[in-house]
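# Chain and residue survey
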Amino acid sequence: MTRCERLLKETGCPVLITSDENCFYYSGFTGGDSFLLISEDFKGLFTDGRYTVQAKEEAPDFEVFDHDVINNLKKIAEDKNIEVAGFEESNMTVANMARFTFLKLIPVGGKINGLRKIKDETEI
């Protein structure tokens, strides 16, 4: 089972990941200024144009969006019928939450971070 599959099983809902540490853990992307949306049938990495090539190389399992990221996320959420998403409450400011008003955000940061305690063979 992949990290993303374990995450979805643990949270029971799609997840919006905004911290750099968890973006790296779940996607392999080492750049900054990015976020992930992970659901049963979609894995997206949303970042700015400075990281396009790097994102595609480091996170090959993710669809990369590098411009107009909020509107792209909104379109994906509508297309995939994602209305609710778990999020990292300790990493999200009120200003950032205002960017995601099209989603009902549920705090699941403990579950997102908790899975990082489980080490796979590569980490060991």
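The structure this text deals with has already been given above.
Rules used throughout
Residues numbered from 1 in each chain as written. Predicted model: local features only at pLDDT ≥ 70, side-chain atom pairs only at ≥ 80, totals over all residues. Heavy atoms only, no water. Phe/Tyr/Trp six-rings, centres within 6.5 Å; stacked < 30°, edge-to-face > 60°. Helix = DSSP H or I, 4+ residues; strand = E, 2+ residues; numbered from the N terminus. Lys NZ or Arg CZ within 6 Å of the ring centre and 35° of its normal. Contact = heavy atoms within 4.5 Å.

Below, the discussion takes up the packing of aromatic side chains. Aromatic ring pairs are described here by two measures, namely the spacing of the ring centres and the angle between the planes. Counted by the stated rule, this structure contains seven aromatic pairs. Between the aromatic rings of F46 and F65, the centroid separation amounts to 4.7 Å while the plane-to-plane angle is 10°, which identifies the pairing as stacked. Within this pair, whereas F46 is found in strand β3 (residues 42-47), its partner F65 is found in strand β4 (residues 63-65), the two being separated by 19 residues in sequence. With centroids separated by 6.5 Å and ring planes inclined at 65°, the aromatic side chains of F100 and F102 adopt a geometry described as edge-to-face. Through a chain of ring-to-ring contacts, the aromatic side chains of F35, F42, F46, F65, F100 and F102 assemble into a single cluster. For K43, the ring lying beneath its charged end belongs to F62, and the centroid distance is 5.4 Å.

Another aspect to go through is the environment of I82. Residue position: I82 is located in the loop between α4 (69-79) and β5 (84-87). It is 7.6 Å that separates the C-alpha atoms of I82 and L103, two residues lying 21 residues apart in sequence. Not counting the four nearest positions on each side in its chain, I82 is found in contact with P14, L37, S39, A77 and L103.

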